Structure formats: structure tokens, C-alpha cells
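# Close look at the chain arrangement
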There are 2 protein chains.
Amino acid sequence: MTGETFIATYHISCPIDQAEARAQDICVEQTVEFPPDLIEREDIHEEIIGKVLSVVKRGDDLFEADIEFATETAGRELPQLLNVLFGNISIKPGIKLVGFDLAESQYEVFKGPRFGRKGIRELLGVPDRPLVATAVKPMGLSAGELANLASKFATGEIDMIKDDHGLSDQTFCRFEDRVKQCADAVNAAVAKTGKPCLYFPNITAPIDQIRDRAHFAKEAGAGGCVISPGLVGMDTMRSIAEDDDLAMPILAHPSLLGSFTVNPTFGISHGALYGQITRLAGADATIFPSAGGRFAFTEAECKDLADRTLLPMGHLKPTLPVPAGGMTFDKIPKMLDLYGKEVILLIGGDLHRHGPDLSENCRKFVELVS
Amino acid sequence: MTGETFIATYHISCPIDQAEARAQDICVEQTVEFPPDLIEREDIHEEIIGKVLSVVKRGDDLFEADIEFATETAGRELPQLLNVLFGNISIKPGIKLVGFDLAESQYEVFKGPRFGRKGIRELLGVPDRPLVATAVKPMGLSAGELANLASKFATGEIDMIKDDHGLSDQTFCRFEDRVKQCADAVNAAVAKTGKPCLYFPNITAPIDQIRDRAHFAKEAGAGGCVISPGLVGMDTMRSIAEDDDLAMPILAHPSLLGSFTVNPTFGISHGALYGQITRLAGADATIFPSAGGRFAFTEAECKDLADRTLLPMGHLKPTLPVPAGGMTFDKIPKMLDLYGKEVILLIGGDLHRHGPDLSENCRKFVELVS
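None of the values given here were measured: they were computed from a predicted structure.

## Here we look at the environment of Lys137(A)
- Inspection of the secondary structure assignment puts Lys137(A) in the loop between β5 (131-136) and α6 (143-155).
- Residue classification places Lys137(A) among the buried positions, given a relative accessible area of 7%.
- Sequence spacing of Lys137(A) and Pro249(A) is 112 residues, and the spatial spacing of their C-alpha atoms is 21 Å.
- Only 2.8 Å separates the side chain of Lys137(A) from the backbone oxygen of Glu33(B), close enough to count as a polar contact.

## Considerations on the sheet that holds strand β10 (residues 267-268) of chain B
Residue and element names in this part refer to chain B.
- The strand order across the open sheet built from 5 strands is β2-β3-β1-β4-β10, with neighbouring strands paired in mixed fashion. One side of each edge strand has no neighbouring strand; the edge strands of this open sheet are β2 (51-59) and β10.
- Note that β2 and strand β3 (residues 62-70) share 7 bridges and pair antiparallel. Bridge pairing in β3 links glycine 59 to leucine 62.
- Relative to the sheet, helix α1 (residues 16-29) contacts β1 (5-13), β2, β3 and β4 (95-101), its axis offset from that of β2 by approximately 140°.
- Docked against the sheet, helix α3 (residues 78-86) engages β1, β3, β4 and β10, running at close to 40° with respect to β1.

## Things to note about the interface of chain A and chain B
- If you look at the interface, chain A gives 77 residues, while chain B gives 78 residues.
- Overall, the association of chain A and chain B removes approximately 6500 Å² of surface from exposure, summing both partners, and the carbon and sulfur fraction of that is 59%.
- Looking at the side of chain A facing chain B, the largest losses of area belong to Ile91(A), Met139(A) and Leu256(A), adding up to 10% of the total buried there.
- Seen at the junction of chain A and chain B, the total is 12 salt bridges.
- Residues Arg211(B) and Asp208(A) are paired through a salt bridge, measuring 3.8 Å at the closest nitrogen-oxygen approach.
- Applying the counting criterion to the chain A and chain B interface returns 38 residue pairs in polar contact (both at pLDDT 80 or more).
- Counting residues per element, the ones that place at least two in the side of chain A that touches chain B are α3 (78-86), α8 (210-220), α9 (229-232), α10 (234-241) and α11 (258-261) of chain A.
- Per-element tally for the side of chain A that touches chain B: the top contributor is α3(A), with 5 residues.
- The residue makeup of the side of chain A that touches chain B, split by class, is 31 nonpolar, 28 polar and 18 charged.

## Quick word on the relation of the copies chain A and chain B
- Rotating chain A by 180° and moving it 0.0 Å along the rotation axis overlays it on chain B with an RMSD of 0.0 Å. Taken together, the rotation and translation describe the operation of a two-fold axis. When each C-alpha of chain A is compared by its distance to the rotation axis, Gly233(A) comes out closest, at 2.1 Å.
- Both copies share a contact surface, since 100% of the interface residues of chain A are interface residues in chain B too.

## Some details on the sheet that holds β5(A)
All names here are of chain A.
- Sheet architecture is open: 4 strands sit in the order β7-β6-β5-β13, paired in parallel fashion. A strand with exactly one partner marks an edge of an open sheet, and here the two such strands are β7 (198-200) and β13 (344-346). Strand-to-strand, the axes of this sheet are offset by a mean angle of 25°, without reference to chain direction.
- In this structure, strand β6 (residues 160-163) lies alongside β7, joined through 3 bridges in parallel fashion. Looking across to β7, one finds that isoleucine 161 is bridged to tyrosine 199.
- Contacts from helix α7 (residues 175-193) reach β6 and β7, with the element oriented near 165° to β7.

## A look at the pattern of salt bridges
Residues and elements named next belong to chain A.
- Summed over all chains, the structure comprises 56 salt bridges over all chains.
- The partner of lysine 118 in a salt bridge is glutamate 122, and the shortest N-O contact between them spans 3.9 Å. One end of the pair is lysine 118 and the other is glutamate 122, both in helix α5 (residues 116-124) and 4 residues apart, which spans about a single turn. Both residues of the pair, lysine 118 and glutamate 122, belong to the exposed class.

## Overview of the state of the cysteines
- Tallying each qualifying case throughout the model produces 0 disulfides over all chains.
- Looking at the unpaired Cys182(A), the closest cysteine sulfur is the one in Cys173(A), lying at 7.2 Å.

## What to know about helix α14 (residues 332-339) of chain B
Residues and elements named next belong to chain B.
- Among the residues of α14, those classed as buried are Ile332, Met335, Leu338 and Tyr339. All buried residues of α14 lie within an arc of 125° about the axis, which places them on one face of the element. Of the exposed residues in α14, the ones pointing more than 90 degrees away from its buried face are Pro333, Lys334 and Asp337.
- For α14, the secondary structure elements touched by its buried residues are β11 (285-289), α13 (299-308), β12 (320-324), β13 (344-346) and α15 (358-369).
- Just beyond α14, the residue with positive phi is glycine 340, at close to 75°.

## Thoughts on the packing of helix α6 (residues 143-155) of chain B against helix α7 (residues 175-193) of chain B
Residues and elements named next belong to chain B.
- Close contact between α6 and α7 brings their axes to 8 Å; oriented N to C, the two are set at 25°. Classified by the interaxial angle, the pair formed by α6 and α7 is roughly parallel. As α6 runs across α7, the sense of the crossing is right-handed. Contacts from Ala143, Gly144, Leu146, Ala147, Ala150, Ser151, Ala154 and Thr155 in α6 reach Asp177, Arg178, Gln181, Cys182, Ala185, Val186, Ala189 and Thr193 in α7.
- The residue makeup of the contact of α6 with α7, split by class, is 9 nonpolar, 5 polar and 2 charged.

## Looking at the confidence of the model for chain A
- Residues of chain A with pLDDT of at least 70 account for 100%, and the chain-wide mean is 96.
- Scoring the predicted complex yields pTM 0.98 and, for the interface, ipTM 0.98.

## Remarks on unusual backbone geometry
All names here are of chain A.
- In the segment running from lysine 137 into proline 138, the intervening peptide bond is cis, with an omega of 5°.
- Residue position: proline 138 is located in the loop between β5 and α6.
- The residue alanine 247 is not glycine, and still its phi comes out positive at about 50°.
- Residue placement: alanine 247 occurs in the loop between α10 and β9 (250-252).
- Looking at alanine 247, the relative accessible area reads 26%, which means it is partly exposed.

Reading the values: rules and limits
- Residues numbered from 1 in each chain as written.
- Chains lettered and ligands numbered in written order.
- Predicted model: local features only at pLDDT ≥ 70, side-chain atom pairs only at ≥ 80, totals over all residues.
- Heavy atoms only, no water.
- Helix = DSSP H or I, 4+ residues; strand = E, 2+ residues; numbered from the N terminus.
- Buried < 20%, exposed > 50% of the residue type's maximum accessible area, 1.4 Å probe, protein only.
- Polar contact = N/O pair within 3.5 Å; in protein donor to acceptor, adjacent residues only side chain to side chain.
- Pairing = 2+ DSSP bridges.
- Contact = heavy atoms within 4.5 Å.
- Axes fitted to C-alpha atoms, helices over the stretch in contact; angles between N-to-C directions.
- Buried area = accessible area lost by both parts, 1.4 Å probe.
- Salt bridge = Lys/Arg side-chain N within 4 Å of Asp/Glu carboxyl O.
- Nonpolar A, V, L, I, M, F, W, Y, C, P; charged D, E, K, R; others polar.
- Least-squares fit on C-alpha atoms with pLDDT ≥ 70 in both.
- Disulfide = S-S within 2.5 Å.
- Arc of directions from axis to C-beta.
- Parallel < 35°, antiparallel > 145°, perpendicular 65-115°, else oblique.
- Left-handed = near helix turned anticlockwise from the far one by under 90°.
- pLDDT = per-residue confidence, 0-100.

Dropping the structure here:
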């Protein structure tokens, strides 16, 4: 054992007289998962079982515990790191993973975001204003109809256009057909406007097909990819993001991940999940349900998330936060107050409410953030 | 569109005057995710947006809704099926997916458990008593120490021995070394006792390595594999389970999946997640935190799970339920009352509490269920 460690921070909801014991329980459950009194080897007690560094009161029946784990327990693998951070204790109520601070050697295992904030801005030719994005949708439109929408959005000089995350490879809109037509439409519009616009098709797919879809998207002229790591696994996103032959920006979507964040007293915090874990797994931009939308999250949770996309994490580039989920033009000032300029504002349905000229609506969207 | 549909069942926690609206909201959120009033094409309203079949009161502020979706919305892909079943609504409080009934054509897409209950029993030569299993652990032991434990367990004629799910490929116990030594130890013991015993190494690993680890395990003489689909994705488990060159029994572990089940009012029920989804994804046996252990679940939740491992699901074979998480000899009668004979009882730590002769303890374990 090298003696090198990393720290995970948990919020524990329980009466004060149980807080220390619950923190100790995490140390055991996440490592040996075995009755400590039955472990004879002293070095396993010393070096494998986690150590409680501190337990601090944060509210009524709410405690924050820092726990130290040996880096070697997590191997050099994202699935096993997730296992040590929150594997078995995900099953216990009242524990929330709220952040972590890995050893330098652990960050070195991961490439992280290939483009990050700066890289995405360079691709888009937008050095400092907030970025703006929308989605081609709804599910049920043909590839040609979606491409027509994409063309209008790009003509309106929006920065990014993503597939709705529910567009996969359905009979009414096949993946290859959609991606080719939408990429062509966007690239033709860009050739006219001169303003870069990136199209992000959804490549979330069966594990045996996802890499092929990513490469098809690249060859078709797409500017990036949408992946829902909840549907295909965080490590699958990491593997696609780290593919040097692909080298495309990755936009992470939160589908199926909500059960981790929706309860304030257990699961994984917005910040740890969408801010830190998706960043480890290579997301250049991370979509999340924002405060003020149709999902129920607090400004503090969202602010913590945005902070963690920028938090020092070894050599890992910062990710761009993408607050979404029922955003509207009306909410833009409030969003900018909350997130500042280092953000991608994603507006879907509401972009269609401001008159029939979608290109004009996109121009207005850009104006509202400029 | 073919007109073919499937049904998902949700529990919705809300006041009675909101129940119908919340069910309608699921129909939209899980398909078009777009304001319906902005959708002009009538056929999208008719054929793409889900339909509420029924909303039935199940308790105080608790309603059960059956919702019908067109099979084509889910494509022929597990990730997109999960997306339609529970993708975006995972982010909304008060909604729990409690079961689903797919169309025959959807079940045909999946191979499901290759061995299932009958196949596992045939491999073990145990036609009808409850099966018994334990784990080599704790993390921190060397490959040789773990193999020594495995040898004692197999000598005691236990049916199955799994790696602890926290054993991956750590410096203090490398994957290949551990798997080779444990498989050799188990197979040598079996050669002496004549009673089959299957060793299930944990192959949960980075996506680029998991298939290689599975094949290494097979060549080393392992009898099956442990996969934590929460750590690597449900579809990754499906892909490994469906690998005809591998053709090994798959044991699913619930690591990181707890946030879906731990709250009674949202997430995915024990039954839908560990009973149905892991079965679609090819698990021959499914480990879950049982009532009466160190995790907090009710008997009703566990019974529903066991029922759903057997529920008619097209051609899919039934999975074996594996209640675990702090099980002890004392609890065996209660476990058998609850689950009957079609079960694998998994006891880890407690097996070490009944005297120093681990082989003898295994024999006692078999006796207690016979």
C-alpha cells in the first residue's frame, strides 16, 4: 500500500448521537463490507477500511462527514471508484455523497473533458457571452422535419443544437438518416451565416453500437454527441469521450439519474453527480434540471453544481454547466444572475412560443444573453 | 406506426385532485417532452404521446397509474426502453415505476437469462432445495488468502461462491491472479467432494475491459460472473449475458442502484428493478437487499421482487432471487417462509461466526436449508 488517500464528503441525516457511528459504518460498508471484529489482519483495519476525518453539524439532524479512503481500494477504474464512493451505501437511507477530492494520481487516470469550457467556446467562436442552445424535437417528427428545424435554428445563429434525448433509432426516424440530414442542414446554414453552430446528435445506444454511432456522427459532420450516462453507464461515456479517433465534444444528459438527486437527504448531490462525476467521465458540458424550471431543485444545489464544474480536479478541464428543464426567455435574467457567463442556456419548447419565425427567435435568444 | 403498445405502471404520491394531471404529465415527459399545444401533427398526439389507461387509488395520497406507450417509442434497445420507462421522470419527486408489461416483440429483442432458475440448478446438481452461497472477502486479503477461503467453502459443499463486489483489480489483489487462484481452488475441492460448486468472480470493470475479464474468467475455470449493472450500465450486463462465446451464468449485484429503491415514494420498485429490469438485462440470479437485514426494506417489497423474477415476460426464463445484506443463520427460517425454495440464500460475514471450521459452517448452512 502506498499510503495515498482520497476524501469523500457525505451528508448524514440522523440524530446527533448516531452521527459518528453512521460515519464509521460508511467506512466499513464501502470497503471491506465485513464485520470488523472478524478481520484478523491489522493492516486491513489500518489501510483498507476508510477513516472518519471529521463529523460536523450542518443543521438539525444533519451532519457532514469527511471520510478518507486508500486510493488503492478504488483501483484505477471509474466503476470501482463509484463503488467506493457510493456503491452499497446507496441502499441506506439518510446518506448523501456531496463531493470528493481525489489524489493527483487518480485524476491522472482520466482524460476528463477534451474541450472543456475554453475548447467549446473556441469551436463556437464565442469568447465570453453565455452560450445558447436548443433541441430538435418532439419525438415523432421525421428526419426531414427535424433537419428543417435544425436549419432554422442554425440560420438564427444559435450556438448549439442537440437532439432531444428521446431520439434514438426509432422506425419513424432512423439514427443515420436523422444525423446525416440534421448535420447537413446545420452545416449548410453555417456556410451561409458564417457563424459556427454545433449539432449534437444523441448517440445513447446499446453498448455494442454506441461507438459506431459516435463515429457515424463525426463522419456525417456533427459537432458533438449527446450521451445519457444514466442509460448507458458513466464509464461508457468516459470511454467515448476518451476516444482519440473521435475527439468530439460530449454533452451529458441526466436521464434516469434523477433518483440520485431528487431527495435532499440521500443519493448524490447535484454538485457531486453533474458537477464532478460527469466531469471525471469526460463531459464537456453537463445538462441538469435547474432551479426555477419544471423540476424541483434549489438555487443552492445548482450553484454548488456550477462551482464543482470549475473546482480544481487535477489536470481536468472545467465543464460547462447547462441548466435546463422548462427554461424560458423570461427566466434568462435570473439564470444569468445565478450562473454567470460561463454557462450554456438550453431552451426547448419555449423557443417556439415567440412567434412563428424560429430563426428570429434564436436571434432574440442570443440577444437576450449578449 | 404499428399500433403495438406496452404498459408501464407507476405509483404517484400526490393529493387526489392532482393524480390524473400527474399521470398525463408522465405521458408527455417520457415521449415528446414538448408542450403538447405546440405540436401540430395530430398523429404525434395520437401515436407518440403515452396514454393514461387507468388511475386507481391505492392509499392516502397514493395512486397507481397504468400508462400505455407505443413500442416504437422505445426502439429495440434497452437504454431507450429505460429512457421511456423512467428517464426524465426520475427527476420528478413522487413517481415510482413499479412494473411493466412489454409487447411480445419487445421481449424477443432480448435473450434474457441464459440459464435461469432451472439452468443454474442443473449446473449445481441441486434439483429443489434452496441454494446457498457465500462470498470471498474482505477486500485487502491477497489472492492466495481468498483462494484459501474459496477452497474451504467448496470443500463444505456450498453451491456458489462469489467475489465480494468490491474486489476489482487492485494492486493488493490483481484480477487475473485472484480469479485463477480461486477458480483452481474451487475446482480442486469439487474434484474431491464430487459436489458441483460455482465460483463467480466480479468482472465489473471499465467498459473496454469487462468483456476480456469475462473471457479470462471463463478460461480460468470460473463458473459464472458477478456484474454490478449500476456501476457499468444495465445494457453492458445485457451485452455480456448475451455473448454466446461466453455463455456463463450472470449474478447481478445492486451496488449504486440503491438510490432507485430506497425511498418508498419515488424511484423504481424492488420488483421492477431487481425483478424485471435485471432479468431483461440477462441476470440469471439477482442479489438484492432483503427485508430483515442491515438495509431497510419491507417484506412486501421483497415478495413483489421475487414474484417478478417469475412473472410471465415473453420467452424470458425466470431469474433466481438472491436476498442478501446482513443475512444470518438465525434468519434462515424466516427467509424460507418469505421466499420459498426458489431462492439463493447468500450469507457472508455471519458464516464466519459459527466456529473456526469454515467447511463445517458451510455444511451446516446446507443442512439448515435442506
